[in-house]
Amino acid sequence: MAAHADALMTTDEITEVVDLLRSAGKIADDTTFRRVSPAHPKPSQNGAAADRLIEAWTYTASDKRIDEFVVSLTDQSIVSEQAVYGQVPQYGFGEVAQSIEAVRASPLVAEALAKRGITELAKVQVDPWPTGDMGEAHEDGRRVTRGVLFWRDDEMDNGYAKPIDGVVAFVDLDLMEVYQVDDIGEWPVPTETNNYHHGTVEDRTDLTTIDITQPDGPSFTVTDGNHIKWANWDVRAVMDHTEGLALQSLAWTDGVTRRPIMRRASVAEMVVPYGETRATQAFKNALDIGEIGLGRTANSLALGCDCLGDITYLDSAWCFDDGTPVEVSQAICIHEEDFGILWKHSDSPTGTSDVRRSRRLVISSIFTVGNYDYGIFWYLYLDGTIQLEVKLTGIVTTQAYKDGDSLAYATRIGQEIAAPIHQHLFCGRFDMEVDGTNNTAYRVDVEVDPPGPDNPYDNAFRAVPTKLETESAAIDVVDAAKARTWRVVNEGVTNNLGQPTGYKLLPADTATLFPAQARIGGRAGFAKQNMWITPSNPTERFPAGDHVTQSKPDGRGLPEWTKADRNIADTDLVVWHVFGLTHSARPEDFPVMPTEYARCTWVPFGFFDRNPALDIPPGSACH
Ligand code: NI
């Protein structure tokens, strides 16, 4: 029997899909797999079990053709297939690994390194970067990675302390060879070692043990592989090949009533543009989700290290270029965290105090893409709050620094190195389902009333909701000066005050894409705004388009879709919220970066009749 439509994909399912496509004659000798992942869930169909659908995207090099298949494991058939020409597929893991060897084997690279006195190629760390699109004619018709180089005296050294700056090696992935090396000048290879592994510095001894214990076990259950129930929450955790950790079928249950809130919630794309003008940095405009696929970079998490407490882990699976399934054990971590005070009041007349502890359910995974590590953390709270937090850590991109170099676009983080300014902009995609399919969105700005007879004390200010009827009306930015928020309501369902039930998005302050005029502005146009709302459309899932590798600055994705200016009122809608960080690197970010946080939060607004967390018992010490 096929798995539930919302289940985590297994290695067996990958094998089934690959075998099915092979036996149908769809896989040629030079066909490789680029995305194998469960299809997005459809709106609930009167409780009827939905088919188990898996998407498989392949690339056939000889034809420069991407095929997009949807396979039903319920009836063992190909449900749909579409050939795509003129687009470059997501990088394959195998070919990226091979490109590192191609750089090491290249006579052109050896020549550039010899000029710098480097002959031990085995000690050269090669980071293959997505080439993006800088309008270079030599990349037209090729699939390309750019190898940037670092030096490791010892194999355990932090290579980012010693960039071999000035050299970029262009690898043609179909020929699997370096066809060009750009050498823009010589910087001495930094000599200062800057490591971070345990033992690099002496351990401090003044911190005592913290243990998190739950003697009665955790309060959540996980059944059917990924179906999580905790307090009133009911949700499925899935690992998408491209997006990484996502939530599906998120609902609040109250006794027998299951109230849907989001059909699916994910981080659908990210863009990391760099502001440094040096040619070895300026091309860096990573679209790590679409170009690399976060799901296949998931870490295997370790108890007591990545997560602390009473943990339940789920395994994930992804498909290697050649169709081999890869299992990642302990890829998803589920646990509860104490989160300080949920609510409190000290009543003066009686001298009594009521306080309740907050706790949250954490569903998280960590993804490593080259030098950076991204945590995707979903938090569910007892008061109905839903929070998405991206944790950013790892090692910043570095460049060599020598006397006289401009530091307009970079911060010195070592004697001979600097780190360029950059942004990490994430696109949260929230397929809303507040108390049902038909939802309506409002932008809520706080406005100050002018002086006048209705404002006798000049103090009047109010929250002004504006109903968003069309896609163009919804496109907007975060505006802290107006305390701007957004609300998604179901106008067909009311609470006992007669208000439509809803959820409110609390954005964090986020700048939009700074290099909006550069070519990346046309490739990642979604990041020029903080808010987009579209009617749900199964073909619109990735805000910079389905195939972003070497994409052209043609305004694809959200900017293109929303030109139709479709109706978004009282319909099945998707909220796309761009949030993140502008990272002007600090010396303290090196040699490894303390975690930075980027988040957005959904809180119930009239979804309940009053505080839904009155039923939390006080702690045993607080009666
Ligand atoms: Ni950063």
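Caption draft 1: Expanded view of the sheet that holds strand E19 (residues 386-394). Pairing is antiparallel across the open sheet formed by 10 strands, whose spatial order is E15-E16-E17-E18-E19-E30-E27-E26-E24-E25. For this open sheet the edge positions go to strand E15 (312-319) and strand E25 (461-468), each flanked by a neighbour on one side alone. Between one strand axis and the next, the sheet turns by 25° as a mean value, whatever way the strands run. Judged from the four bridges that link them, strand E27 (residues 500-506) and strand E30 (residues 593-604) form a sheet pairing that is antiparallel. If you follow Leu506 over to E30, its bridge partner there is Thr601.

Caption draft 2: Main features of the pairing of strand E26 (residues 485-494). With five bridges joining them, strand E24 (residues 440-448) and E26 adopt antiparallel strand pairing. Within E26, the position partnered with Thr440 by the bridge is Val489. Where E26 meets E27, six bridges bridge the pair, whose relative direction is antiparallel. Bridge assignment links Thr494 to a residue of E27, and that residue is Pro500. Taking the residues that link successive antiparallel strands as the turn, the E26-E27 hairpin has five residues, and the phi of Gly498 there is positive, at about 80°.

Caption draft 3: Region of the structure containing the side chain of His424. Summarising the element assignment, His424 is placed in strand E23 (residues 422-432). A distance of 3.1 Å separates a polar atom in the side chain of His424 from a polar atom in the side chain of Tyr372. A polar side-chain atom of His424 sits 3.1 Å from a polar atom in the side chain of Tyr374. Contact partners of His424, with chain neighbours within four places excluded, come to Val271, Val272, Tyr372, Tyr374, Leu392, Phe579, Gly580, Leu581 and His583.

Caption draft 4: Main features of the domain arrangement of the chain. The domains assigned to the chain are domain 1 (11-85), domain 2 (93-183) and domain 3 (224-604). Between domain 1 and domain 3, the C-alpha centre-to-centre distance is 28 Å. Contacts between domain 1 and domain 3 engage 22 residues on the former and 25 residues on the latter. The contact between domain 1 and domain 3 buries some 1,900 Å² in all, and 57% of this surface belongs to carbon and sulfur atoms. On the domain 1 side of the interface with domain 3, the three residues burying the most area are Thr11, His40 and Pro41, jointly 29% of the side's total. The tally of links between domain 1 and domain 3 comes to two salt bridges.

Caption draft 5: Here's a closer look at the coordination of the nickel ion. Taken together, the protein donors to the nickel ion comprise Tyr372 (OH), His422 (NE2), His424 (NE2) and His583 (ND1), at separations of 1.8 to 2.1 Å. Coordination of the nickel ion draws on donor residues from a single chain, spaced Y-x49-H-x1-H-x158-H in sequence. Highlighted residues: His424 in strand E23 and His583 in strand E29 (residues 573-583), separated in sequence by 159 residues. By the burial criterion, His424 is buried, and His583 matches it.

Caption draft 6: Geometry of the state of the cysteines. Counting across every chain of the model gives one disulfide. Shown here is the disulfide that connects Cys307 with Cys333, its sulfur atoms set 2.4 Å apart. Of the two residues, Cys307 is situated in the loop between helix H5 (288-292) and E15 and Cys333 in strand E16 (residues 325-347); the sequence distance between them amounts to 26 residues. Both residues of the pair, Cys307 and Cys333, belong to the buried class. Of all cysteine sulfurs, the one in Cys307 lies closest to Cys305, which takes part in no disulfide; the gap is 9.2 Å. Cys305 sits in the exposed class, given a relative accessible area of 64%.

Caption draft 7: Here's a closer look at the nonpolar core. Counting residues in hydrophobic clusters, the biggest one holds 108 residues, and the most contacted among them are Ile363, Phe430 and Trp602. Ignoring anything within four residues of it in the chain, the contact list for Trp602 reads Met262, Gly384, Thr385, Ile386, Phe430, Met432, Val488, Tyr503, Lys504, Leu505 and Val575.

Caption draft 8: Quick peek at the packing of aromatic side chains. Summed over all chains, the structure comprises 19 aromatic pairs. Aromatic pair Trp318 and Phe320: ring centres 6.0 Å apart, planes at 45°, arrangement tilted. When the centroid spacing of 5.2 Å and the interplanar angle of 65° are considered together, the rings of Tyr503 and Phe607 count as edge-to-face. Within this pair, whereas Tyr503 is found in strand E27, its partner Phe607 is found in the segment after E30, the two being separated by 104 residues in sequence. The residues Tyr503 and Phe607 share a single accessibility class, namely buried. Taken together, the aromatic side chains of Trp233, Trp252, Tyr503, Phe607 and Phe608 make up a single cluster linked through ring pairs. Across from the ring centre of Trp57, 5.3 Å away, lies the NZ or CZ of Arg35, which sits over that ring. Residue placement shows Arg360 over the ring face of Tyr379; its charged tip is 3.6 Å from the ring centre.

Caption draft 9: Local environment of the sheet that holds strand E20 (residues 399-400). In spatial order, the strands read E20-E22-E21; together these three strands make up an open sheet with antiparallel pairing. Edge positions in the sheet fall to E20 and strand E21 (410-412), since each of these pairs with one other strand and no more. In this sheet, strand E22 (residues 417-420) lies alongside E21 in antiparallel orientation, the contact comprising three bridges. Considered in E22, the bridge of Ala410 is made with Pro420.

Cut-off values and rules
- Residues numbered from 1 in each chain as written.
- Predicted model: local features only at pLDDT ≥ 70, side-chain atom pairs only at ≥ 80, totals over all residues.
- Heavy atoms only, no water.
- Pairing = 2+ DSSP bridges.
- Helix = DSSP H or I, 4+ residues; strand = E, 2+ residues; numbered from the N terminus.
- Axes fitted to C-alpha atoms, helices over the stretch in contact; angles between N-to-C directions.
- Polar contact = N/O pair within 3.5 Å; in protein donor to acceptor, adjacent residues only side chain to side chain.
- Contact = heavy atoms within 4.5 Å.
- Domains from an automatic or database assignment.
- Buried area = accessible area lost by both parts, 1.4 Å probe.
- Salt bridge = Lys/Arg side-chain N within 4 Å of Asp/Glu carboxyl O.
- Donors = N, O, S within 2.8 Å, 3.2 Å for Na, K, Ca; no water.
- Buried < 20%, exposed > 50% of the residue type's maximum accessible area, 1.4 Å probe, protein only.
- Disulfide = S-S within 2.5 Å.
- Core = buried A, V, L, I, M, F, W, Y, C linked by side-chain atoms within 4.5 Å.
- Phe/Tyr/Trp six-rings, centres within 6.5 Å; stacked < 30°, edge-to-face > 60°.
- Lys NZ or Arg CZ within 6 Å of the ring centre and 35° of its normal.

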